[in-house]
Amino acid sequence: MLMFASSAFAGLERPLYRNSSAAIADRVHDLLSRMTLEEMTAQMRCLWQQKTSIMNADGSFSARKAAASIPHGIGQIARPGDTTGTTQATQTAFRSSKQTIDFINAVQRFHVEETRLGIPALFHEELAHGFSARGATIFPVPPGLASTWDPVLVEQVYTVAAREARARGITVALTPVLDLARDPRYGRVEEFFGEDPWLNGRIGVAAVRGLQGPTRPLAKDRVFATLKHFVHGTPQGGINLAPADVSERTLREAYLIPFQQVIRETHPAIIMPSYNEIAGVPSHANKELLQKTGRERLMFTGAYFSDYDGVKNLVTQHHVAANDDEAAVLAISAGVDAELPLAQRFRDSLNWCEVNASRSRLSTPL
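Reading guide: rules and limits
- Residues numbered from 1 in each chain as written.
- Predicted model: local features only at pLDDT ≥ 70, side-chain atom pairs only at ≥ 80, totals over all residues.
- Heavy atoms only, no water.
- Salt bridge = Lys/Arg side-chain N within 4 Å of Asp/Glu carboxyl O.
- Buried < 20%, exposed > 50% of the residue type's maximum accessible area, 1.4 Å probe, protein only.
- Pairing = 2+ DSSP bridges.
- Helix = DSSP H or I, 4+ residues; strand = E, 2+ residues; numbered from the N terminus.
- 1 Å grid on protein atoms, 1.4 Å probe; cavity = no way out; pocket = protein on both sides within 12 Å on 5 of 7 lines; lining within 4 Å.
- Points joined across faces, edges and corners; volume = space filled by probe spheres on them.
- Nonpolar A, V, L, I, M, F, W, Y, C, P; charged D, E, K, R; others polar.
- Contact = heavy atoms within 4.5 Å.
- Axes fitted to C-alpha atoms, helices over the stretch in contact; angles between N-to-C directions.
- Left-handed = near helix turned anticlockwise from the far one by under 90°.
- Phe/Tyr/Trp six-rings, centres within 6.5 Å; stacked < 30°, edge-to-face > 60°.
- Polar contact = N/O pair within 3.5 Å; in protein donor to acceptor, adjacent residues only side chain to side chain.
- Parallel < 35°, antiparallel > 145°, perpendicular 65-115°, else oblique.

## Quick notes on the pattern of salt bridges
Here is step 1 of the chain: The final tally for this structure, using the stated rule, is 18 salt bridges.
Here is step 2 of the chain: Between R185 and D183 there is a salt bridge, and its shortest N-O distance comes to 2.9 Å.
Here is step 3 of the chain: Judged by relative accessible area, R185 falls into the exposed class, the value being 57%.
Here is step 4 of the chain: The class of D183 is buried, set by a relative accessible area of 10%.
Here is step 5 of the chain: Note that R297 and E248 form a salt bridge whose closest N and O atoms lie 4.0 Å from each other.

Here is the structure:
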């Protein structure tokens with residue numbers, strides 16, 4: 001992640017959280033103790049199609065517009081390499097490498113130098129079978145990669161993908177997908193490694209090792225990995241958002257096996273809850289799934305990032321929340337740490353859920 005000297009602390013004693021030689025837990029505690037509710041909420045938010053709110057007409061970053069639209073900074077920028085939301089999108093879907101790097105550098109400089117606490121932003125992209133960007137290397141789709149039965153080769157593939165993404169400033173990969181391809185009607189099976197839990201686990205381990213590397217902090221050519229989707233199971237009728245009618249035994253014997261292996265062996269930074277419901281409870285509002293199963297049984301210690309509009313779907317698809325406010329409360333209470341691609345209701349909901357409880361969840365570093 002790019003870092004700059006923050007003008008906000010010029011001439012002042014350096015805060016503990018900015019001391020890279022201090023223990024991470026101490027730095028996190030110090031930073032959280034300084035954050036306002038608005039600043040905490042900003043770290044749970046993301047910009048994607050609304051990137052124009054921080055851009056000039058030509059697509060370059062505007063510090064003036066950013067100061068008005070995200071005065072406390074923001075946790076993440078989604079797909080900074082695409083042109084979504086700009087007039088350029090009618091001509092090309094992606095920025096050039098230079099345009100992407102210039103944009104990310106400018107955004108990061110604003111966050112580190114111009115916001116009160118100088119917290120850098122995260123930048124996420126898709127790397128399902130290569131970095132999804134103009135001029136990047138595209139490899140065979142995940143079923144093709146897994147059909148090699150060669151974890152060493154797959155690790156090399158994702159190492160290349162991570163290197164190409166990080167070279168442009170990307171820090172988070174929304175990859176790999178650990179779902180099982182058990183229904184050919186499901187229109188997303190091209191994202192999956194296959195139908196076998198053991199194979200998915202071994203290839204998933206290789207993918208995360210390629211993306212994150214063997215050590216923390218991340219090396220300069222690695223990115224954080226996101227395990228997806230917790231837990232799709234096999235949605236009824238092969239419909240993406242349909243319920244997954246699976247027993248606890250089937251979950252433990254099949255669908256949770258890849259997650260268990262990858263969590264145990266690679267310590268992934270992020271897990272993304274699924275769109276559907278398990279045992280009648282939507283994953284984005286499922287405390288039993290995210291806390292009891294994910295954290296206690298599988299020992300996951302990273303962050304939960306929502307699937308795109310997964311929190312809003314609690315209103316529009318699942319009808320368990322009357323409005324976005326209630327949806328945000330349900331998601332935060334269940335353990336969702338950030339909403340993608342855009343969160344507008346997390347401030348009041350974070351307040352409602354009690355700041356101290358939220359601080360304890362947010363204190364786990366990636």
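## Digging into the sheet that holds strand 3 (residues 122-125)
The strands making up a sheet associate through backbone hydrogen bonding, with each pair oriented either parallel or antiparallel.
Here is step 1 of the chain: Strand order in the open sheet formed by 7 strands is 1-2-3-4-5-6-9, with parallel pairing between adjacent strands. The strands lining the two open edges of the sheet, one partner per strand, are strand 1 (46-47) and strand 9 (303-304).

## What to know about empty space enclosed by the protein
Here is step 1 of the chain: Going through the model one piece at a time under the given rule, you end up with 2 cavities of 30 Å³ or more.
Here is step 2 of the chain: When its volume is computed, the largest cavity comes out at roughly 40 Å³.
Here is step 3 of the chain: Along the lines of polarity and charge, the residues of the lining of the largest cavity split into 2 nonpolar, 4 polar and 2 charged.
Here is step 4 of the chain: When its volume is computed, the second largest cavity comes out at roughly 30 Å³.
Here is step 5 of the chain: Along the lines of polarity and charge, the residues of the lining of the second largest cavity split into 5 nonpolar, 2 polar and 1 charged.

## Comments concerning helix 9 (residues 257-266)
Here is step 1 of the chain: With 7 of its 10 residues buried, helix 9 lies for the most part within the structure.
Here is step 2 of the chain: Where helix 9 is concerned, the buried positions are I257, P258, F259, Q261, V262, I263 and T266.
Here is step 3 of the chain: Looking at the buried residues of helix 9, the elements they touch are helix 7 (197-212), strand 5 (224-230), helix 8 (248-255) and strand 6 (270-273).
Here is step 4 of the chain: Two residues or fewer past helix 9, H267 is found with a positive phi of approximately 50 degrees.

## Concerning the packing of helix 6 (residues 151-167) against helix 7
Here is step 1 of the chain: At a minimum axis distance of 7 Å, the contact between helix 6 and helix 7 shows a crossing angle of 35 degrees. Seen along the crossing, helix 6 lies across helix 7 with a hand that is right-handed. Residue-level contacts link P151, V154, E155, Y158, T159 and A162 of helix 6 to R202, I203, A206, A207, R209, G210 and L211 of helix 7.
Here is step 2 of the chain: Taken together, the residues of the contact of helix 6 with helix 7 break down into 8 nonpolar, 2 polar and 3 charged.

## As for the packing of aromatic side chains
Here is step 1 of the chain: By the definition in use, this model includes 6 aromatic pairs.
Here is step 2 of the chain: For the pair F61 and F110, a centre-to-centre distance of 5.8 Å together with 55 degrees between the ring planes defines the contact as tilted. Here F110 lies in helix 4 (residues 97-114) and F61 lies in the loop between strand 1 and helix 3 (63-69), a separation of 49 residues in the sequence.
Here is step 3 of the chain: Among the residues examined, F61 registers a relative accessible area of 12% and is labelled buried.

## Here we look at the side chain of T226
Here is step 1 of the chain: In this structure, T226 sits in strand 5.
Here is step 2 of the chain: Among the polar contacts listed, one links the side chain of T226 to the backbone oxygen of A173, at a separation of 2.9 Å.
Here is step 3 of the chain: Residues contacting T226, with those up to four places away along its chain left out, are V172, A173, L174, T175, P176, I270, I271 and M272.

## Quick word on unusual backbone geometry
Here is step 1 of the chain: Omega for the bond connecting T175 with P176 falls within 30 degrees of zero, at 10 degrees, which places this linkage in the cis form.
Here is step 2 of the chain: Structurally, P176 is set in the loop between strand 4 (172-173) and helix 7.
Here is step 3 of the chain: Geometrically, the link from K228 to H229 is a cis peptide bond, its omega value of -10 degrees lying close to zero.
Here is step 4 of the chain: Structurally, H229 is set in strand 5.
Here is step 5 of the chain: The phi torsion at W149 lies on the positive side, around 55 degrees, for a residue other than glycine.
Here is step 6 of the chain: One can find W149 in the loop between helix 5 (142-146) and helix 6.
Here is step 7 of the chain: Residue classification places W149 among the exposed positions, given a relative accessible area of 56%.
Here is step 8 of the chain: Backbone geometry at A279 places phi at a positive 55 degrees, although glycine is not the residue there.
Here is step 9 of the chain: Locating A279 in the fold gives a position in the loop between strand 7 (277-278) and strand 8 (281-282).

## Comments concerning the packing of helix 8 against helix 9
Here is step 1 of the chain: Running from N to C, helix 8 and helix 9 cross one another at 50 degrees; their axes reach a closest spacing of 5 Å. Comparing the axis directions of helix 8 and helix 9 gives the class oblique. Along its contact with helix 8, which presents R252, E253, A254 and Y255, the element helix 9 presents I257, P258 and F259.
Here is step 2 of the chain: Among the residues forming the contact of helix 8 with helix 9, the class breakdown is 5 nonpolar, no polar and 2 charged.

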